[in-house]
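Close look at the chain arrangement
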Amino acid sequence: MNASFSADVVVIGSGICGSLAAQKLAKAGASVLILEAGPRVTRGQLTARFRESPRKSDFLSPYPNSNLAPFPEYKPHDNGYLVQGGPVPYLAEYIRVVGGTTWHWAAQAWRLLPNDFRIKSLYGVGRDWPISYDDLEPFYCEAEKIMGVSGPVNNGSPRSEPFPMKPVAPSWLEQKFTERLGDVYPVITNTTARNSRSYDGRPACCGNNNCMPICPIDAQFHGGLAADKAENAGVRLITEAVAYKIEHDSKGRINAVYFYDWNKTSHKVVGKTFIIAANAIETPKLLFLSASSAFPNGLANKSGALGRTLMDHPSNSATFEVEDAVWAGRGPMSPSSIQKLRDGAFRSEHAAFRIDISNSSRVSSITRSAISKGLQGKELQEEIRRRSAHEVSIKNVLEQLPDPNNRVMLSDKKDGLGIPQPLIYYSYDDYVCRGMAASKKAYGEIADLMGAKSVTYSPDGKYGNNQHITGTLAMGDDPAASVCDKYGRAHDHENLFFASTGVMPTVATVNSTLTAASLALRTAHFIRENV
């Protein structure tokens, strides 16, 4: 087969990491081509689909799925794309469209804490990163400027430059929590990629309470905007291009990528440098698919670490009625949080966590609950109004340590193009469970300070996840124990790089997007200066 396409840099995946890296390299003069498995979508299309969907609590409902480039769905039933190997189901959510999964995020854009990079040295758990906070800090600044990030200065992560803008004005709910919790559980406004003023041609947040699954006015930055920036910089983006094989030469250098279009016609793309910017499930899947006689266990896998140490942020939660009327549902869905348990000596014993205070409207769930109790007429209306004013929910974002038994592999099940689907093995250890117990204790204390009643906790031992898929491409200095080096370059292939949440050696206690985007910009800087 002759090459159908060529470029200096070939990027697989048009999400926020791939698009930002592609834009940076294109601005430096490289020819760059992005392959995206999914279709192109627009904010108008997605907003209309959300308005028309009967499943408003299903954050995937606005996004078009296809068996040619499928992604996991669970409502109204599980589509079975992720094959569960147990012992605990890992119900990850992500999207395969131009721009990727940050179309439907809550825009939380936290930096890690300096200590998060060395928890093995400090606390004897997990693993240390091959870079320090200071190594990444300039790229945090770069990503924040592109994305339009705001937040409180004193949040534990030192800064060399100010935020691009002030935080979005605190919601009424945030104000009441801040007042009641005081110094016992200090509340801070979340660091978010959400405009508090006009910025980069986008409007300020106007308080729509459906940041997930779609900001209807683009006040939030997302991967679709990053893809637009890449194309405006001269990047060529090919949609509905499902990569299924990566080819290497006799020295292990990558020389081509093969993809199917949605008519199942195969195409070959050649290049000098290759960046896989899919997520931490789809990337190992592609590398396993590309196994060869020289790399029988998959590309970038001489260490055997590929696909291992899958991590997320497991969550438990509490729901209660507070004394003050807080009216959840006014303003952004996730405006504020409690940070005091993100770091400390206790990390040697149990998982650290951050507590998110939800501002999502409670009306729909309250109405279903009231109707199920048989309430009607005026009694039903009064119940909905009372509980909607006073009911709140809080949850943790809890650190999970890297466990090699939590992993992504290939299953025997195949999608519409005949490509094997991911097989997931996943569980929790005692470190997580002890952190959950500490979280539950904190919830009780917070509920008391809020004058709460009717406190309901999520079931012990059954934890949600936060769709922060990390760890399966972990970076490290030792090629025998990691997949890539500190710049995201595969140990086994000198011209193959990763721009993905997968390269994070640990997951810490905050959403992974800003850190992954900053790492992608650092990788692009390295390629620009050294390759």
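The present account deals with the structure reproduced in this document. (Residues numbered from 1 in each chain as written. Predicted model: local features only at pLDDT ≥ 70, side-chain atom pairs only at ≥ 80, totals over all residues. Heavy atoms only, no water.)

Re the sheet that holds strand β11 (residues 353-357)
- Read from one edge of the open sheet, 6 strands run β4-β10-β11-β12-β9-β15, paired in antiparallel fashion. The open sheet has two edge strands, β4 (187-189) and β15 (453-457), and neither has a second partner. Strand-to-strand twist across the sheet, computed as the mean angle between neighbouring axes with direction ignored, equals 25 degrees.
- As paired elements, β4 and strand β10 (residues 336-338) share 3 bridges and run antiparallel to each other. Looking at β10, one finds that Ile188 is bridged to Ser337. (Pairing = 2+ DSSP bridges. Helix = DSSP H or I, 4+ residues; strand = E, 2+ residues; numbered from the N terminus. Axes fitted to C-alpha atoms, helices over the stretch in contact; angles between N-to-C directions.)

Some remarks on the packing of aromatic side chains
- Going through the model one piece at a time under the given rule, you end up with 11 aromatic pairs.
- Ring geometry for Tyr244 versus Tyr260: centroids 4.0 Å apart, planes at 10 degrees, classification stacked. Of the two residues, Tyr244 sits in strand β6 (residues 241-248) while Tyr260 sits in strand β7 (residues 254-261), which places them 16 residues apart along the sequence.
- A network of ring pairs unites the aromatic residues Tyr90, Tyr426, Tyr428 and Tyr463 as a single cluster.
- The residue whose ring lies beneath Lys56 is Phe50, and the NZ or CZ to ring-centre distance is 5.6 Å.
- Its end group placed over the ring of Tyr260, Lys264 keeps NZ or CZ at 5.8 Å from the ring centre. (Phe/Tyr/Trp six-rings, centres within 6.5 Å; stacked < 30°, edge-to-face > 60°. Lys NZ or Arg CZ within 6 Å of the ring centre and 35° of its normal.)

So, the layout of surface pockets
- Each pocket or cavity is described by its volume, and for the second largest pocket that value is around 160 Å³.
- Around the second largest pocket, the lining residues are Asp8, Val9, Leu25, Ala28, Ala30, Lys272, Thr273, Ile527, Arg528 and Val531.
- Counting residues per element, the ones that place at least two in the lining of the second largest pocket are β1 (5-12), β8 (266-276) and α11 (513-530).
- Its residues assigned to classes, the lining of the second largest pocket shows 6 nonpolar, 1 polar and 3 charged. (1 Å grid on protein atoms, 1.4 Å probe; cavity = no way out; pocket = protein on both sides within 12 Å on 5 of 7 lines; lining within 4 Å. Points joined across faces, edges and corners; volume = space filled by probe spheres on them. Nonpolar A, V, L, I, M, F, W, Y, C, P; charged D, E, K, R; others polar.)

Some thoughts on helix α6 (residues 223-232)
- Counting buried positions along α6 yields 7 of 10 residues, so the element is predominantly enclosed.
- Restricting attention to buried positions, one finds in α6 the residues Gly223, Gly224, Leu225, Ala226, Ala227, Lys229 and Ala230.
- Looking one or two places after α6, you find Gly234, whose phi comes out positive at around 105 degrees. (Buried < 20%, exposed > 50% of the residue type's maximum accessible area, 1.4 Å probe, protein only.)

Description of the environment of Arg159
- In this fold, Arg159 is placed in the loop between α4 (133-147) and α5 (172-181).
- Along the sequence, Arg159 and Cys141 sit 18 residues apart, while their C-alpha atoms lie 8.0 Å from each other.
- Among the polar contacts made by the side chain of Arg159, one reaches the side chain of Glu144 at a distance of 2.6 Å.
- Side-chain polar atoms of Arg159 contact the backbone oxygen of Glu161, separated by 3.0 Å. (Polar contact = N/O pair within 3.5 Å; in protein donor to acceptor, adjacent residues only side chain to side chain.)

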